[in-house]
Amino acid sequence: MKLIKVLESVVENNFSNFYRNKYVKDEFDYKTIRSEKDLSKIPFLKREEIIAVPVEERTLVPSESVIYYSISSGTIDSTNPLIVPHSEFGPPAKLGVDRIYDENLNIKRLFFLMPSSAPSLMRLIFPMKKLGKVLLPGNIHDLDLSAKIASQVKIDAIFSTPTILTLFIGSLKKTGIDPRSIKLILIRGEFCSIQKINFFKEFFSEAEIDIKYGSSEIGGAIGYRCPHLKNFTPNVYHPLLKGIVESVEDEIVYTDLSSTKAFPLIRYRTGDAGTLENIDCPCGNKALLRVGGKIGFDKIKFHGVTLYVESLEDSFAEATEYMEPGQFKAHVTEKTIDGRIMPQISIKIGLKEEVETSDFLKGVISRSVSDRLYLSSDKSLSDLVKLDIFLPLELTLTKKWPCNLKSKYITSDI
Ligand SMILES: [Zn+2]
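Predicted, not measured: the structure shown is a model, and the values here were computed from it.

Parameters and conventions
- Residues numbered from 1 in each chain as written.
- Predicted model: local features only at pLDDT ≥ 70, side-chain atom pairs only at ≥ 80, totals over all residues.
- Helix = DSSP H or I, 4+ residues; strand = E, 2+ residues; numbered from the N terminus.
- Rg over C-alpha atoms; globule rule 2.2 N^0.38 Å.
- Buried ≥ 20, exposed ≤ 12 C-beta atoms within 10 Å, placed from the backbone.
- Contact = placed C-beta atoms within 7 Å.
- Pairing = 2+ DSSP bridges.
- Axes fitted to C-alpha atoms, helices over the stretch in contact; angles between N-to-C directions.
- Parallel < 35°, antiparallel > 145°, perpendicular 65-115°, else oblique.
- Left-handed = near helix turned anticlockwise from the far one by under 90°.
- Nonpolar A, V, L, I, M, F, W, Y, C, P; charged D, E, K, R; others polar.

## Points about the overall build of the protein
Thinking step 1. Of the regular secondary structure elements, the protein holds 10 helices and 20 strands.
Thinking step 2. For the protein, whose C-alpha radius of gyration is 23 Å, the value lies close to the compact-globule estimate of 22 Å for 414 residues.
Thinking step 3. Buried residues in the protein amount to 35% of all 414 residues.
Thinking step 4. Here the analysis covers contacts within the protein between residues at least 6 apart in sequence; of these, 64% occur between residues at least 24 apart.

Encoded structure:
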């Protein structure tokens, strides 16, 4: 049994006390686990627990076996990077159906726009070189410069995150590049909303868009889309069979089944929202993973309602022609009105350069967003305002602002 083998390898480990100490503290004896059915008895592993121990003290293999470190600076706790040692590359390309190698697509130059610590960079360099393909890393901190490079070397594929790609399109537009020359877009690294996927499809009209779900600490993708899932909404995946994917209180929890990894994650709380469903897919995979955003980052719960980034993006349906893509921020606050504490949502929208702001435009967008912004399954912001539960939307229209890749879409002072 793989799970028991992994547990044994991390507890009875010669190189690190990490799991031994953790399970003593958690009062957990791995020998009580008899099969995968007992999975829920294993304590969770949290990001903070990993960060609290220096990386060399939680490397469970000889140091020469480490081939790379993944680094995620995190979206919530950005002061401490999460550094994880890896002794192997993520799931094999064939499992993840890596489209870069498809002969029909015939990709020649892949533009890599990810943080430099992305595991995929290490995984791609050698096989691409062998196949006579060029991997060209761009600079995510200077997207205008990256766009100039991309247009000169005539790239035909882009590997990026939804946030970076959204901003990069703005820079590409300035170069006069023909977006139809891009044949493949690979989206990795974070949750991608439907609104963003549609925006990418519209701009790169000839490109195939390949989205996988994964994280750098896990070491790559844990969800992929088989051809049959093409007709589903974009945020559903099959879990890769390499590890165990659970949904606990709507959070994705991941367990490695490889006992040779430098740092196997066991019941690791990913911080990503997600649910698992059963499905009878013709490809043979029987599970469906529905991924939401980062918990506490892409959604916020307050006053009995939940505000999701996705709902916000949906509410902009009629405003997109005026908005600079990805330029919005919502803030949740409370005000005391006649002795009653009332919640209020403020939204700031960055307008396209050619759009002039006016009270009329503000009124139109404000009404449309309030009607379309659903805060529960059947109540929009307009409904809640009518019920006197919420204060009306406070909308600000501004010129576009310099984007920070880490900026939150939703903030709150409640
Ligand atoms: Zn399938």
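## Section: the sheet that holds strand E17 (residues 323–337)
Thinking step 1. Strand order in the open sheet formed by 4 strands is E19-E18-E17-E20, and the pairing between neighbours is mixed. In this open sheet, the two edge strands, each paired with only one partner strand, are strand E19 (394–399) and strand E20 (410–412). Across the sheet, the mean angle separating the axes of adjacent strands is 20° when strand polarity is ignored.
Thinking step 2. Pairing of strand E18 (residues 340–351) with E19 involves 6 bridges; the strand directions are parallel. Among the inter-strand pairings, isoleucine 347 is bridged to a residue of E19, identified as leucine 395.
Thinking step 3. Taken strand by strand, helix H9 (residues 359–372) contacts E18 and E19, and its axis lies near 130° from that of E19.

## Quick notes on the sheet that holds strand E6 (residues 184–187)
Thinking step 1. Spatial ordering of the open sheet is given by E4-E3-E5-E6-E7, a layout of 5 strands whose pairing is parallel. Edge positions in the open sheet fall to strand E4 (134–137) and strand E7 (208–211), since each of these has one partner strand only. Pairwise comparison of adjacent strand axes, ignoring direction, gives a mean angle of 20° for this sheet.
Thinking step 2. As paired elements, E6 and E7 share 4 bridges and run parallel to each other. Along E7, the bridge assignment pairs leucine 184 with glutamate 208.
Thinking step 3. Relative to the sheet, helix H6 (residues 162–175) contacts strand E3 (109–113), strand E5 (157–160) and E6, its axis offset from that of E5 by approximately 130°.

## Re the pairing of strand E9 (residues 220–224)
Thinking step 1. The buried fraction of E9 amounts to 5 of the 5 residues, a majority that puts the element mostly inside the structure.
Thinking step 2. Two elements, strand E8 (residues 213–215) and E9, share 3 bridges in a ladder whose sense is antiparallel. From the neighbouring strand, glycine 214 faces E9, where its bridge partner is alanine 221.
Thinking step 3. Where E8 folds back on E9, the antiparallel hairpin that results is connected by 4 residues, among which glycine 219 adopts a positive phi of roughly 100°.
Thinking step 4. The pairing of E9 with strand E10 (residues 236–239) spans 2 bridges and is classified as antiparallel. Following the sheet pairing, glycine 223 is matched in E10 by proline 239.

## Comments concerning unusual backbone geometry
Thinking step 1. At aspartate 250, a residue that is not glycine, the phi angle is positive and equals roughly 65°.
Thinking step 2. Despite not being glycine, arginine 267 shows a phi value in the positive range, around 50°.
Thinking step 3. Within the secondary structure, arginine 267 sits in the loop between strand E12 (251–256) and strand E13 (268–278).
Thinking step 4. The class for arginine 267 is partly exposed, based on 19 C-beta atoms found within 10 Å.

## Considering the packing of helix H5 (residues 143–152) against H6
Thinking step 1. H6 packs onto H5 with a crossing angle of 55° between their chain directions and a minimal axis gap of 8 Å. By the angle between their axes, H5 is oblique relative to H6. Between H5 and H6 lies a crossing whose hand is right-handed. Judged by residue contacts, Leu143, Asp144, Ser146, Ala147, Lys148, Ala150 and Ser151 of H5 engage Leu167, Phe168, Ser171, Leu172, Lys174 and Thr175 from H6.
Thinking step 2. Its residues placed into classes, the contact of H5 with H6 shows 6 nonpolar, 4 polar and 3 charged.

Bear in mind that shape data such as this cannot, by itself, settle questions of function.
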